[in-house]
Amino acid sequence: MDRATLVGLDKQHVWHPYTAMEQYIAKTDPLVVVRAEGVWLHDADGQRYLDANGSWWVSTLGHRHPRLVHALTEQLGSLAHVSLAGITHGPAARLGEELTAIAPGADRADVPSGQKLSRVFYSDNGSTAVEVAIKMAAQYWAQNGRPRRTRFITLTGAFHGETIGATSVGGVQEFRDVFGPLLFDVVHVPSPAEPDGHARALAQVKAALAADPDGIAGVILEPVIQGAAGMWMSSPDFVREVREATRAVDTFLIADEVFTGMGRTGARFAVDLAGVMPDLLCLAKALSGGLLPFAATLASERIFQGFLGAKDRALYYGHSYCGNPLGAAVAREVLAVYRDEDVLGQVQRKAPRVKAAFERMAATLPGLVRPRAVGMVGAVDLGGGGYFADSGWRVYEAARRRGLYLRPMGNTVYIAPALNIPDADLDLLLAGVEDSLREVAAG
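- Going by the annotation in an unreviewed UniProt entry, the name recorded for the protein chain is Adenosylmethionine-8-amino-7-oxononanoate aminotransferase, with Corallococcus macrosporus given as the source organism.
- According to UniProt, the comment filed for the protein chain under the heading Subunit (unreviewed entry) is "Homodimer."

Here it is in structure tokens:
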């Protein structure tokens, strides 16, 4: 089918995410991607584009990594899917062992076994991984002597997913305001990424815990980088200090590492930068290398033990495809590739180049503010206007003309490419971003 016919069908039938559809239908000339390989997208016109954000942060090993493709096809030859309710299979069981073995604090002999992340609950995506964590925390307290613990503390600018529970603990107003009547009550505190925000945020977390220690079921954080807020970044010290505050009142810390986990920051998990262990850890996106929807929520042994006993204490939650053999097999191979190809070492070597490039752009180009970088994430703001600003989209168009797919967030221009991006392609990406920003800034 020719490109024009495909675009016509798309505009007639497909409702796109995060898209003002009237403008899209009237004005947008979309990329029509027909193939992807490594860090490159190939379109129906024979052009290629460097994927600057890993297709919404999932392709941390590039598109169609040959080892992942092999693992998928090999698993497909024996077992594609089976329910995980009362049944098990090799990929899910073995992945559970491997995830708990690399979980934060797994190798620490000084940590009580009850605090270790020893249990894995599978689901489909980042939203459901967070939804699982919320339900685990709330139900644990309900049936273990603290039934008033039903509220969560979350950050301004937080994003934890799109289901109603995950939206409730979110803090990006553009994504949650319309659903206000449907959301449960949470305690919002300032983001530590705001100017002078660290001390203020920590003080309000401590104040909320002190004011209602019997009512707070947990604190949920995107550690170090709040992605959808606009790549807001803060010190790992904040995570460590919040962990200390939750320990003081014996409530839970939930680490949403759907974006930051799996090496994005240069550590295996962002909480590793703070040297802490959460009670619940949410993973998705990079976990299956961009091949399949797949997610996991790691829980402490203490939380798991709190669901044992009579049948009515069980966690009655699940999804049809949770722990599916295809996703689990691919996730196991993702972990193997990280080990064999020293992906964390690659990030640590490349990260200073990303940081230096964004600092240089802000120092030399007019109108750019707040350069920031952690690991393989670099960001800068072009003027003001927030999420609905069009300045970033002007950069998007300039980048597209240069062969880059660079999806902004309002006035925030950022990169989050594959962690194993070849050095030459990283240089091309950074130069293309700078040239695109220069064009828009000059205009």
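What follows continues from the structure just given.
## Topic: the overall build of the protein chain
Argument step 1. On a plain count of helices and strands, the protein chain comes out with 16 helices and 16 strands.
Argument step 2. Computed over the C-alpha atoms, the radius of gyration of the protein chain is 22 Å, within 12% of the 22 Å expected from 2.2 N^0.38 for a compact globule of 443 residues.
Argument step 3. Expressed along its principal axes, the backbone C-alpha trace of the protein chain runs to roughly 60 × 55 × 45 Å.
Argument step 4. Per-residue burial over the protein chain gives 56% buried out of 443 residues.
Argument step 5. Residue pairs in contact within the protein chain that sit at least 24 positions apart in sequence constitute 72% of those at least 6 positions apart.
Argument step 6. Taken as a whole, the protein chain presents about 18,600 Å² of accessible surface, with 55% of it coming from carbon and sulfur.
Argument step 7. The positive charge centre, built from 43 side chains, and the negative charge centre, built from 48, are 2 Å apart in the protein chain.

## A word on the layout of surface pockets
Argument step 1. Estimates place the volume of the second largest pocket at around 530 Å³.
Argument step 2. For the second largest pocket, the lining is made up of 19 residues, of which Val 120, Phe 121, Met 136, Phe 304 and Leu 315 are closest to its centre.
Argument step 3. Among the secondary structure elements, those contributing two or more residues to the lining of the second largest pocket are β4 (117–123), β12 (295–300) and α12 (301–305).
Argument step 4. With four residues, the single largest contributor to the lining of the second largest pocket is β4.
Argument step 5. Among the residues forming the lining of the second largest pocket, the class breakdown is 15 nonpolar, three polar and one charged.

## Topic: the sheet that holds strand β16 (residues 412–415)
Argument step 1. Spatial strand order, β13-β14-β16: three strands in an open sheet with antiparallel pairing. Bordering the open sheet on either side are β13 (368–374) and β16, each of which pairs with just one other strand. Taking each pair of neighbouring strands and ignoring which way they run, the sheet shows an average axis angle of 15°.
Argument step 2. In the packing of helix α14 (residues 343–364) onto the sheet, contacts are made with β13, β14 (377–382) and β16, and the angle to β13 comes to roughly 175°.
Argument step 3. Against the sheet, helix α16 (residues 423–442) contacts β13, β14 and β16, and its axis sits at roughly 170° relative to β16.

## Considering the sheet that holds β4
Argument step 1. One open sheet holds the seven strands; their spatial order is β4-β12-β11-β10-β7-β5-β6, and the pairing between them is mixed. Whereas interior strands pair on both sides, the edge strands pair on one side only; in this sheet they are β4 and β6 (187–189). Between one strand axis and the next, the sheet turns by 20° as a mean value, whatever way the strands run.
Argument step 2. Along the sheet, helix α6 (residues 126–142) makes contact with β4, β5 (151–155), β7 (216–221), β10 (252–256), β11 (280–283) and β12, crossing β12 at roughly 25°.

## Describing the UniProt feature "binding site: substrate" (unreviewed entry) in the protein chain
Argument step 1. Using the residue numbers shown here, the UniProt feature "binding site: substrate" (unreviewed entry) corresponds to Trp 56, Lys 285, Gly 318 and Arg 407. Spatial dispersion of the annotated residues is evident: they stretch over 352 residues in sequence, and the largest pairwise C-alpha distance comes to 32.9 Å. In this structure, the second largest pocket is lined, among the annotated residues mentioned, by Gly 318.
Argument step 2. Tracing the chain through its elements places Trp 56 in helix α3 (residues 54–57).
Argument step 3. Taking the relative accessible area as the measure of exposure, Trp 56 reaches 34% and is therefore partly exposed.
Argument step 4. What Trp 56 contacts, discounting residues up to four positions off in sequence, is Pro 17, Tyr 18, Lys 285 and Arg 407.
Argument step 5. A relative accessible area of 25% means that Lys 285 is categorised as partly exposed.
Argument step 6. Those residues in contact with Lys 285 that sit more than four places away from it in its chain are Trp 56, Trp 57, Val 58, Val 258, Gly 290 and Phe 294.

## Regarding the UniProt feature "modified residue: N6-(pyridoxal phosphate)lysine" (unreviewed entry) in the protein chain
Argument step 1. Under the present numbering, the feature "modified residue: N6-(pyridoxal phosphate)lysine" (unreviewed entry) in UniProt falls on Lys 285.
Argument step 2. With respect to the helices and strands, the residue Lys 285 is situated in the loop between β11 and β12.
Argument step 3. Separated by 3.3 Å, the side chain of Lys 285 and the backbone oxygen of Trp 56 make a polar contact.

## Re empty space enclosed by the protein
Argument step 1. Scanning all chains against the criterion turns up two cavities of 30 Å³ or more.
Argument step 2. In this model, the largest cavity occupies a volume close to 60 Å³.
Argument step 3. If you go around the largest cavity, the residues you meet are Ala 158, Phe 159, Gly 161, Glu 162, Thr 167, Gly 170, Gly 171, Val 172, Phe 175 and Arg 176.
Argument step 4. Looking at the lining of the largest cavity, its residues break down into four nonpolar, four polar and two charged.
Argument step 5. In this structure, the second largest cavity encloses a volume near 40 Å³.
Argument step 6. Lining the second largest cavity are Leu 155, Pro 192, Leu 221, Glu 222, Pro 223, Val 224, Ser 234, Phe 238 and Val 239.
Argument step 7. Class assignment of the residues belonging to the lining of the second largest cavity gives a composition of seven nonpolar, one polar and one charged.

## Some points on the side chain of Ser 123
Argument step 1. Examined against the element boundaries, Ser 123 turns out to sit in strand β4.
Argument step 2. Polar side-chain contacts of Ser 123 include one of 3.0 Å to the side chain of Thr 128.
Argument step 3. Apart from the residues lying within four places of it in its own chain, the contact partners of Ser 123 are Thr 128, Ala 129, Val 132, Phe 294, Ala 295, His 319 and Cys 322.

Rules used throughout
Residues numbered from 1 in each chain as written. Predicted model: local features only at pLDDT ≥ 70, side-chain atom pairs only at ≥ 80, totals over all residues. Heavy atoms only, no water. UniProt positions renumbered as here; feature names shortened; annotations may be inferred. Helix = DSSP H or I, 4+ residues; strand = E, 2+ residues; numbered from the N terminus. Rg over C-alpha atoms; globule rule 2.2 N^0.38 Å. Buried < 20%, exposed > 50% of the residue type's maximum accessible area, 1.4 Å probe, protein only. Contact = heavy atoms within 4.5 Å. Areas by Shrake-Rupley, 256 points an atom, 1.4 Å probe, with all protein chains shown as cover. Lys, Arg positive; Asp, Glu negative; His and termini not counted. Charge placed at Lys NZ, Arg CZ, Asp CG, Glu CD. 1 Å grid on protein atoms, 1.4 Å probe; cavity = no way out; pocket = protein on both sides within 12 Å on 5 of 7 lines; lining within 4 Å. Points joined across faces, edges and corners; volume = space filled by probe spheres on them. Nonpolar A, V, L, I, M, F, W, Y, C, P; charged D, E, K, R; others polar. Pairing = 2+ DSSP bridges. Axes fitted to C-alpha atoms, helices over the stretch in contact; angles between N-to-C directions. Polar contact = N/O pair within 3.5 Å; in protein donor to acceptor, adjacent residues only side chain to side chain.

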